[in-house]
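Reading the structure
Given next are the chains, with one letter for each unit.
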Amino acid sequence: MTHVTAAVVQAGSRLFDTSGMLAKALDLVADAVRQGAEVVVLPEAFLGGYPKGLDFGVTVGRRTAPGREEFRRYWESAIDVPGPETEALAALTRDLGCHLVVGAVERSGRTLHCAALFFGPGGFLAKHRKLMPTGAERLVWGFGDGSTLPVIDTGRSRLGSAICWENYMPLFRTAMYAKGVDIWCAPTVDDRDNWQASMRHVALEGRCFVLSACQYLLRGDLPADVHPVQGEEPDTVLIGGGSVIVSPLGDVLAGPLRDAEGTLIAELDLGELARARFDLDVTGHYARPDVFTLHVDERSKEGVVLCDHSDQPACPPAAQ
């Protein structure tokens, strides 16, 4: 089979309502598959929520008690990986026989991470943690490391993911191209017009299909006691969408979708990958390894490693 039907879902995620958003995700994925989708992408932080317009009471050198309480609510809305939410999504993709990439806020130890979770007919497959939270995101999310840079082989194509502004990291992109990404999944909340140029550039540079899923979120979708800086009118747009599907030669196959929730569907001709790579493979025949070399450290970086110095390879040798 030389074609894959892909779906990009544009939908908003209510803060502090993880159970409701899980139910919404299950419905959205099932609906996309009913429309023929074999690969489905949901936006950044769909499970756990993207706190657009919130400041958690932070100014330089100062935090507030209400801000700490707001973060507590956000912490409690995050999900464990694995956990009940991943089990429910895994059961769905096993039942439907589809692949899914969904944005989530992962609770790990005492830290939150923005993540992209991969599911397939075999259930939960892998996760990617956002390497570099952008701007004020660093107030609430930790940093990923090289140990969660998966590329998933579906049998017909290879799925990878870059979350939001990771798409602007040239070395990250290069590492993922070297892993052979065919379908580049970009969960995001960047709704600016120039995001479209970035998605077309990634497709052209990597000679891969790009599936960018953005949220569409209104002020009215948030709890009444949350006060985003954009204002209090229910129809105020917090995240404006712009989801899009792009071919390996930079042609827009579907979208961009604006001003509403919805699902974009496109048939991906996998033969287009080889046709596009005929004259450009930035980590192959178009690379210059005699001039440029990139080393990618894929080891997990743990700040504290607890061990008994027995046979655990992560442990340093015992003191003599």
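Refer to the preceding data block for the structure.
Quantities reported herein were computed from a predicted structural model and do not represent experimental measurements. (Residues numbered from 1 in each chain as written. Predicted model: local features only at pLDDT ≥ 70, side-chain atom pairs only at ≥ 80, totals over all residues. Heavy atoms only, no water.)

This part covers the side chain of Asn167. The topology assignment puts Asn167 in the loop between strand 7 (158–161) and helix 4 (170–178). Judged by its relative accessible area of 2%, Asn167 falls in the buried class. Polar contacts involving the side chain of Asn167 include one to the main-chain carbonyl oxygen of Cys164, which spans 2.7 Å. When near neighbours in sequence (up to four residues on either side) are disregarded, Asn167 contacts Ala162, Arg173, Trp184, Ala186, Trp195, Met199 and Val202. (Helix = DSSP H or I, 4+ residues; strand = E, 2+ residues; numbered from the N terminus. Buried < 20%, exposed > 50% of the residue type's maximum accessible area, 1.4 Å probe, protein only. Polar contact = N/O pair within 3.5 Å; in protein donor to acceptor, adjacent residues only side chain to side chain. Contact = heavy atoms within 4.5 Å.)

What follows covers the packing of aromatic side chains. For the structure on display, the rule yields seven aromatic pairs. Aromatic pair Tyr50 and Trp141: ring centres 5.8 Å apart, planes at 65 degrees, arrangement edge-to-face. Remark: Trp141 occurs in the loop between strand 5 (123–129) and strand 6 (152–153) and Tyr50 occurs in the loop between strand 2 (39–41) and helix 2 (65–77); sequence separation between them is 91 residues. With centroids separated by 5.8 Å and ring planes inclined at 70 degrees, the aromatic side chains of Tyr168 and Trp195 adopt a geometry described as edge-to-face. One end of the pair, Tyr168, is in the loop between strand 7 and helix 4; the other, Trp195, is in helix 5 (residues 194–206), with 27 residues separating them in the sequence. The exposure class of Tyr168 is partly exposed, given its relative accessible area of 31%. An aromatic cluster of three or more residues is present, and its members are Phe56, Phe71 and Tyr74. Above the face of the Trp75 ring, Arg107 is positioned so that its terminal group lies 5.9 Å from the ring centre. (Phe/Tyr/Trp six-rings, centres within 6.5 Å; stacked < 30°, edge-to-face > 60°. Lys NZ or Arg CZ within 6 Å of the ring centre and 35° of its normal.)

Turning next to the packing of helix 1 (residues 18–34) against helix 3 (residues 84–96). Interhelical geometry of helix 1 versus helix 3 gives an angle of 10 degrees and a closest axis separation of 11 Å. Classed by the angle they form, the pair helix 1 and helix 3 counts as roughly parallel. Residues Thr18, Leu22, Leu26, Val29, Ala30 and Val33 of helix 1 form the contact with helix 3, whose own contacting residues are Glu85, Ala88, Leu89, Leu92 and Leu96. Looking at the contact of helix 1 with helix 3, its residues break down into nine nonpolar, one polar and one charged. (Axes fitted to C-alpha atoms, helices over the stretch in contact; angles between N-to-C directions. Parallel < 35°, antiparallel > 145°, perpendicular 65-115°, else oblique. Nonpolar A, V, L, I, M, F, W, Y, C, P; charged D, E, K, R; others polar.)

To continue, consider the nonpolar core. If you look at the biggest cluster of nonpolar residues, it comprises 45 residues, and the most contacted ones within it are Tyr74, Trp141, Leu211, Ile245 and Leu268. Apart from residues no more than four positions distant in its own chain, Tyr74 is found in contact with Leu15, Phe16, Gly48, Gly49, Tyr50, Pro51, Phe56, Val105, Leu112, Val140 and Trp141. One finds Ala7, Ala11, Met21 and Ala90 within the second-largest nonpolar core, a separate group that totals 27 residues. (Core = buried A, V, L, I, M, F, W, Y, C linked by side-chain atoms within 4.5 Å.)

Pairing within the open sheet is mixed, and its six strands lie in the order 5-4-3-2-1-13. Since the sheet does not close on itself, it has two edges, and those belong to strand 5 and strand 13 (262–269), each with one partner. Averaged over neighbouring strand pairs, the angle between their axes works out to 30 degrees when direction is ignored. By the bridge criterion, three bridges tie strand 1 (residues 3–10) to strand 2 in an arrangement that is parallel. Each bridged residue has a counterpart across the sheet, and for Val8 the counterpart in strand 2 is Val41. Across the face of the sheet, helix 1 comes into contact with strand 1, strand 2, strand 3 (99–108) and strand 13 while running at roughly 140 degrees to strand 2. (Pairing = 2+ DSSP bridges.)

Let us now look at the pairing of strand 4 (residues 111–120). For strand 4, the buried fraction is high: nine of the 10 residues fall into the buried class. Relative to strand 4, strand 3 runs antiparallel, the two sharing nine bridges. What sits directly across from Val101, in strand 4, is Phe118. Where strand 3 hands over to strand 4, the hairpin turn is made up of two residues, of which Gly109 adopts a positive phi near 60 degrees.

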